[in-house]
Amino acid sequence: MIAPLSDITILDLTHVLAGPYCSMILSDLGAKVIKVEQPGIGDDTRHFPPFRDGHSAYFATINRDKESIALNLKDDADRAIFERLLAQVDVVMENYRPGVMERLGYGWDALSERHPHLIYGAVSGFGHTGPDALKPAYDMVAQARGGVMSITGEKNREPVRVGASVGDIVAGMFLGHGLLAALYQREMTGKGQKVDVAMLDSQLAIMEHAIAITGETGNPPEPSGARHPSIAPFETYHTADGLMVIACGNDVLFGKLCQVLGKPHWATLPEFSNNLARCENVMLLRRRIETVTLGQPRAHWLKVLTAEGIPCAPIQNVAEAMQDPQILARNMVKKLPSPDGGKPFVAAGNPIKMGSVDDLRQPGAAPLLNGDREEILAWLSEQETN
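Here is a short report on the structure shown in this document. (Residues numbered from 1 in each chain as written. Predicted model: local features only at pLDDT ≥ 70, side-chain atom pairs only at ≥ 80, totals over all residues. Heavy atoms only, no water.)

**Some details on the overall build of the chain**
Summing up its helical and strand segments, the chain has 16 helices and 13 strands in all. Taking all contacts inside the chain whose residues are at least 6 apart in sequence as the whole, residues at least 24 apart take part in 67%. Working note: accessible area of the chain is about 19,400 Å², and carbon and sulfur atoms make up 56% of it. Each charge sign in the chain was given a centre, from 36 positive and 46 negative side chains, and these centres are 5 Å apart. (Helix = DSSP H or I, 4+ residues; strand = E, 2+ residues; numbered from the N terminus. Contact = heavy atoms within 4.5 Å. Areas by Shrake-Rupley, 256 points an atom, 1.4 Å probe, with all protein chains shown as cover. Lys, Arg positive; Asp, Glu negative; His and termini not counted. Charge placed at Lys NZ, Arg CZ, Asp CG, Glu CD.)

**What about helix α13 (residues 298-307)?**
What α13 keeps buried is the set W301, L302 and L305. Down the axis of α13, the buried set is contained in an arc of 100°. They therefore lie on one face. In this structure, α13 carries A299, K303 and A307 as exposed residues pointing more than 90 degrees from its buried face. Following α13 by one or two positions, G309 adopts a phi angle in the positive range, close to 75°. (Buried < 20%, exposed > 50% of the residue type's maximum accessible area, 1.4 Å probe, protein only. Arc of directions from axis to C-beta.)

**Points about the pairing of strand β10 (residues 242-247)**
The pairing of strand β9 (residues 234-239) with β10 spans six bridges and is classified as antiparallel. Paired with Y237 across the bridge in β10 is M244. For β10 and strand β11 (residues 312-314), the ladder comprises three bridges, and the chain directions are antiparallel. Looking across to β11, one finds that I246 is bridged to C312. (Pairing = 2+ DSSP bridges.)

**Focus: the side chain of T152**
Assignment of secondary structure puts T152 in the loop between α6 (139-145) and α7 (166-189). Accessibility expressed as a relative area gives 18% for T152, which makes it buried. Here V148 takes part through its backbone oxygen, which lies 2.7 Å from a polar atom of the side chain of T152. Contacts of T152, omitting those with residues within four sequence positions, involve P159, V160, V162 and P223. (Polar contact = N/O pair within 3.5 Å; in protein donor to acceptor, adjacent residues only side chain to side chain.)

**Here's the deal with a nonpolar patch on the surface**
Taken together, V318, M322 and V346 make up a surface patch of nonpolar side chains, about 250 Å² in accessible area. Topologically, V318 is positioned in helix α14 (residues 318-321). (Patch = residues over 30% accessible without salt bridge, like charges linked within 9 Å, V, L, I, M, F, W, Y side chains within 5 Å. Salt bridge = Lys/Arg side-chain N within 4 Å of Asp/Glu carboxyl O.)

**Topic: helix α1 (residues 18-28)**
A large share of α1 lies buried, amounting to eleven of its eleven residues. Looking only at α1, the buried set comprises A18, G19, P20, Y21, C22, S23, M24, I25, L26, S27 and D28. Along its buried surface, α1 packs onto β1 (9-12), β2 (32-37), α2 (57-62), β6 (91-94), β7 (119-124) and α7. Immediately downstream of α1, the backbone of G30 shows phi near 110°, a positive value.

**Observations concerning the nonpolar core**
Among the nonpolar cores identified, the biggest contains 24 residues, and L11 and L85 are the most heavily contacted of them. Only β2, α3 (76-86), α4 (100-104), α5 (108-114), β7 and α16 (373-385) provide two or more residues apiece to this core. Ranked by the residues each element gives to this core, the list is headed by α3, at four residues. If sequence neighbours within four positions are ignored, L85 has contacts with L11, I34, L71, I376, W379 and L380. (Core = buried A, V, L, I, M, F, W, Y, C linked by side-chain atoms within 4.5 Å.)

See below:
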């Protein structure tokens with residue numbers, strides 16, 4: 001089984017999350033990832049809790065199957081190694097503020113002249129152009145400025161950060177898309193190119209309904225809790241013993257829901273007859289639905305709704321999700337070896353299922369800082385003699 005990126009080597013200077021998340025995805029698809037870290041310190045996430053036996057679980061789960069070499073790019077001997085690596089890899093990734101790599105002599109313009117084949121991936125808070133390119137950013141900064149926090153949370157309450165680090169993770173996903181497109185184009189042209197992804201851009205790009213509503217009405221949407229602002233019924237509902245989600249994305253599904261609830265005539269009422277009407281009367285609709293759903297436990301409603309093909313789900317915590325039979329059947333919970341052979345870490349699996357990727361393969365451990373130096377140098381010498 002030959003993974004699709006098995007002939008691709010990535011030199012990854014990124015740290016924390018956006019860049020390492022991107023290189024993790026590419027590693028899962030077969031790429032060789034050489035992680036370049038600061039001597040003595042390494043990636044910041046090596047110091048993020050929780051820890052086991054001195055190793056960060058956070059770092060371990062994002063940096064599986066990578067190799068580590070510590071290089072000081074201000075040291076002549078380490079720069080010589082770095083430049084040898086640049087000549088042998090396909091992609092170099094960085095997430096410094098714009099200008100840092102240029103000051104080191106490794107910006108895109110300099111590298112593209114010496115290594116025309118090289119693809120340069122940059123992920124930063126605000127991108128490499130624009131008036132705020134040099135400003136620092138973290139996930140929460142991107143979520144706040146990009147508008148995502150303004151539509152997250154409950155109505156008339158303070159804005160809420162999305163629980164997952166979508167500012168970083170989405171930017172990492174977009175960077176992965178860009179790098180794959182650049183690799184594909186290099187097959188046609190023989191030349192690399194720069195891929196510039198901003199966390200701020202990425203936040204705006206994922207707000208489908210919010211952009212549509214604001215562009216059409218001029219009024220930016222406010223937080224609506226668990227409710228979708230453009231579809232109804234599409235939110236959480238109380239049952240006799242807890243909350244569940246019901247999502248009816250069209251009139252046919254709503255009609256089926258009415259049948260299951262024993263209220264078939266609701267589908268013909270003017271206030272509920274189409275999606276627009278239901279959105280305009282969403283609070284009334286919620287009260288009507290809950291007068292019925294409160295009469296039975298959640299398990300009952302999940303069973304009868306599923307039987308009719310109506311999208312629904314329990315609201316699971318992370319521990320429950322990690323034990324979900326469907327998630328487990330898709331190999332989405334993986335055990336990662338500890339760097340020192342101790343108890344394994346637990347991580348999310350690769351969601352990209354492909355015939356050429358062995359989904360049952362045991363992932364390798366995250367690297368120790370500079371732990372692969374000798375192996376990387378041996379590989380480099382072998383590449384140079386070929």
